[in-house]
Amino acid sequence: MDKIKSKSATLVFFIIWFIYIAFFSFIITVIRETGYLNFEPLFITSHINSLFQGGELVKNFFLSYPLITNVLSYPFSIFSPEDAPFFASVFYMSLFATTVVTVVGKEKNNVIKGLLFLYFLFSPVTIYAATSGTSVYAFLILYFLIFYYLFNYIKKFTTYHITILSIILSLAVFLDYRILWLLILLLLYAFVFSIFGIKGLRSANIIIKYVKITQHHSLRRKLRGRLVSMVFIIGFFPITTLLLYLFINYLMGNDFFYFYDSLDTRWNGNSFLSLLETDTLAGLNNRTVNDFSFIHIVIYLLPIYLFELITHYKKGLKVFILVLAPILLHLLVRDSIVDYMSLSYYSILIACGLASMATTTETFFNLKKLSYIFYACLFVGSIYGEYLYLKNSSFTSEQIYYKSVVEQEQNPVLLEYKKAGEFLASNTPENSVVLSDRSILYPIIAYNNKNNFFISNSSAEFEKAIYYPDNHCDYIIVTNKKSPYHFLDKVATNFNFKKNNGFSTYSIRSKVVYHSDTFSIVKVVN
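What you see is a predicted model, and the numbers here were worked out from it, not measured in a lab. (Residues numbered from 1 in each chain as written. Predicted model: local features only at pLDDT ≥ 70, side-chain atom pairs only at ≥ 80, totals over all residues. Heavy atoms only, no water.)

Draft legend 1. Structural context of the overall build of the protein chain. Within the protein chain, the secondary structure is distributed over 25 helices and five strands. Partitioning the intrachain contacts of the protein chain with sequence separation of at least 6 by distance along the chain shows that 73% fall at a separation of at least 24. For the protein chain, the computed accessible surface area is about 24000 Å², with 63% contributed by carbon and sulfur atoms. (Helix = DSSP H or I, 4+ residues; strand = E, 2+ residues; numbered from the N terminus. Contact = heavy atoms within 4.5 Å. Areas by Shrake-Rupley, 256 points an atom, 1.4 Å probe, with all protein chains shown as cover.)

Draft legend 2. Summary view of the nonpolar core. Counting 117 residues, the largest nonpolar core has F120 and F147 as its most contacted members. Here the element with the most residues in this core is helix α8 (residues 136-156); it accounts for 16 residues. F120 has contacts with Y20, F24, F96, A97, V100, V101, T126 and L354, leaving out every residue within four places of it along the chain. Counting residues in each nonpolar core, the second largest holds 27 residues, with L414, Y417, I445 and A446 among its members. (Core = buried A, V, L, I, M, F, W, Y, C linked by side-chain atoms within 4.5 Å. Buried < 20%, exposed > 50% of the residue type's maximum accessible area, 1.4 Å probe, protein only.)

Draft legend 3. View of the packing of aromatic side chains. A full pass over the atoms with the stated rule returns 44 aromatic pairs. Look at F96 and F120: their rings are 6.2 Å apart centre to centre, the planes differ by 80 degrees, and that puts the pair in the edge-to-face class. Note that F96 is positioned in helix α5 (residues 84-107) and F120 in helix α6 (residues 110-122), a separation of 24 residues in sequence. The two residues F96 and F120 agree in class, both being buried. When the centroid spacing of 5.6 Å and the interplanar angle of 85 degrees are considered together, the rings of F174 and Y245 count as edge-to-face. Here Y245 lies in helix α12 (residues 217-253) and F174 lies in the loop between α9 (159-171) and α10 (182-197), a separation of 71 residues in the sequence. (Phe/Tyr/Trp six-rings, centres within 6.5 Å; stacked < 30°, edge-to-face > 60°.)

Draft legend 4. Here's a closer look at the pattern of salt bridges. For the coordinates displayed, the defined rule picks out three salt bridges. A salt bridge links R32 to D83, with the nearest nitrogen and oxygen atoms 2.6 Å apart. Of the two residues, R32 sits in helix α1 (residues 2-33) while D83 sits in the loop between α4 (67-73) and α5, which places them 51 residues apart along the sequence. Each of the salt bridges in this network shares a partner with another, and the network as a whole consists of R32, E82 and D83. (Salt bridge = Lys/Arg side-chain N within 4 Å of Asp/Glu carboxyl O.)

Draft legend 5. Representation of the pairing of strand β1 (residues 432-435). A two-sided burial pattern is seen for β1, the buried positions comprising S432 and V434 on one face and V433 and L435 on the other. Where β1 lies against strand β2 (residues 452-454), three bridges are found, and the strand directions are parallel. Looking at β2, one finds that S432 is bridged to N452. Pairing between β1 and strand β3 (residues 475-479): two bridges, direction parallel. Paired with L435 across the two strands is I476, which belongs to β3. (Pairing = 2+ DSSP bridges.)

Draft legend 6. View of the side chain of H161. Tracing the sequence through the fold places H161 in helix α9. Looking at H161, its side chain comes within polar contact range of the side chain of T158, at 2.8 Å. Ignoring sequence-local partners within four residues, the contact set of H161 consists of Y149, N152 and Y153. (Polar contact = N/O pair within 3.5 Å; in protein donor to acceptor, adjacent residues only side chain to side chain.)

Draft legend 7. Examining the sheet that holds β2 more closely. Ordered in space as β2-β1-β3-β5-β4, the five strands form an open sheet in which the pairing is mixed. One side of each edge strand has no neighbouring strand; the edge strands of this open sheet are β2 and β4 (510-515). Strand after strand, the sheet turns through a mean of 30 degrees between neighbouring axes, direction not considered. Here helix α21 (residues 412-426) sits on the sheet in contact with β1, β2, β3, β4 and β5 (519-524), set at roughly 15 degrees to β5. (Axes fitted to C-alpha atoms, helices over the stretch in contact; angles between N-to-C directions.)

Draft legend 8. Spotlight on the confidence of the model for the protein chain. Across the protein chain, pLDDT averages 83, with 87% of residues at or above 70. For the protein chain, helix α25 (residues 490-500) is the element with the lowest average pLDDT, namely 72, and helix α7 (residues 124-131) is the one with the highest, namely 96. Note that residues 278-291 has pLDDT below 50 and, in this model, 37 contacts with residues that lie over four places away or in other chains. (pLDDT = per-residue confidence, 0-100.)

Draft legend 9. Structural detail: unusual backbone geometry. If you check the backbone angles, Q408 has positive phi at about 55 degrees while not being a glycine. Locating Q408 in the fold gives a position in the loop between α20 (396-405) and α21. The backbone phi angle of N431 is positive, close to 65 degrees, even though this residue is not glycine. Within the secondary structure, N431 is located in the loop between α21 and β1. Judged by its relative accessible area of 54%, N431 falls in the exposed class.

Encoded structure:
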């Protein structure tokens, strides 16, 4: 009988997973057919296309951040590098949603399981994470796993859950190492957990428990032992991973944060300029997050989190963990620019609420029908709130996604990059060497799978090609003066320097073969 139930549960799991994959794949097909493009998936594709170029595989591998998103996309590049980010987001987000629905179904019942299944199917945040080709799905999954194992730990206080938590936190190094601020917060949590983990103390009040522990030598020794071992286990994997990553950074670039700080490591490395404003520097709103000023946009994502917080107000430890989410969120976004905050951070509230729901067996209501109605209203409210969030978001990727998918308005800057990339791929000889500042012009590289060789900014060849392009490259891509990135373009800056100091900008024979408002493609004539 148990074997039959197990096979049935496995079958249901794969059916739900297939439905999610099919649904999200259909959405991706539709939105990409209508012209959806975005910077981050183009960056991932450009990184895949240039990974094995230049003979510096290890360096090229680490020259991407968040590294996890790129690694998860690599297996799907066997189909198409351009499709890889989208295949990855659909696959992993569908697997995540299926797992959560299955776990909640075990803890509660099939009706709530069905409601949650529909929530994931129509949630704007889920759809965005699964179909945008961005790294949001990786952040959402990481946050969920962190809180899932914290909530499970307070059920039985076993070392197993803390060990898994430590391993999960080590992955944060390759997603956003600032998430490791959580380790400092967990020192306090470890102390509280150690007190509650000591058996034989009947009181539920932490102060009374602590007083009783201090009155017995054996209990004090047990508390110290639990606390030290817990701190060691939680910190071992993430700190070791961080130190190893910093060592690799220093080994490659003589800087402990070489890969993180390098402009060509991230799709928005030049983040103090707008990627969408090609003719002005005035489109920026430098509102610094030095308090909870971001709450006006986060409030749209709060329904599930607030529901879990309110319904568990009598459970001190659970509330204690739930409060951790907004504290960590504030640590992540403090002193940052409001307009650059995204679901990569805000989704921690949704993930925390879902993790709480997945680890709770009982329902808040005694009457089942009332419970079902309330959960249905909760999920509908969450879906509407998430829609309002995307509509009002000022973050580049989310803004592009909403305008492209909902308003059917394609971004002219991305279309410009696409035209140039396709021109370069189809109108240049095979294996042509191209010189460009990849930290700015990576979208063009995304459309060149095998045709051209792009010189990496971090390679020794790049420095040579800048000064002697006729000996080291066949084509040069430079930004024009209308581009806000013109003064950051290393190639254009070098040519301007030559011109201003009496050298001919093109002392080499050259010919402009493609021109747009923001950049030009120049052919080197030997």
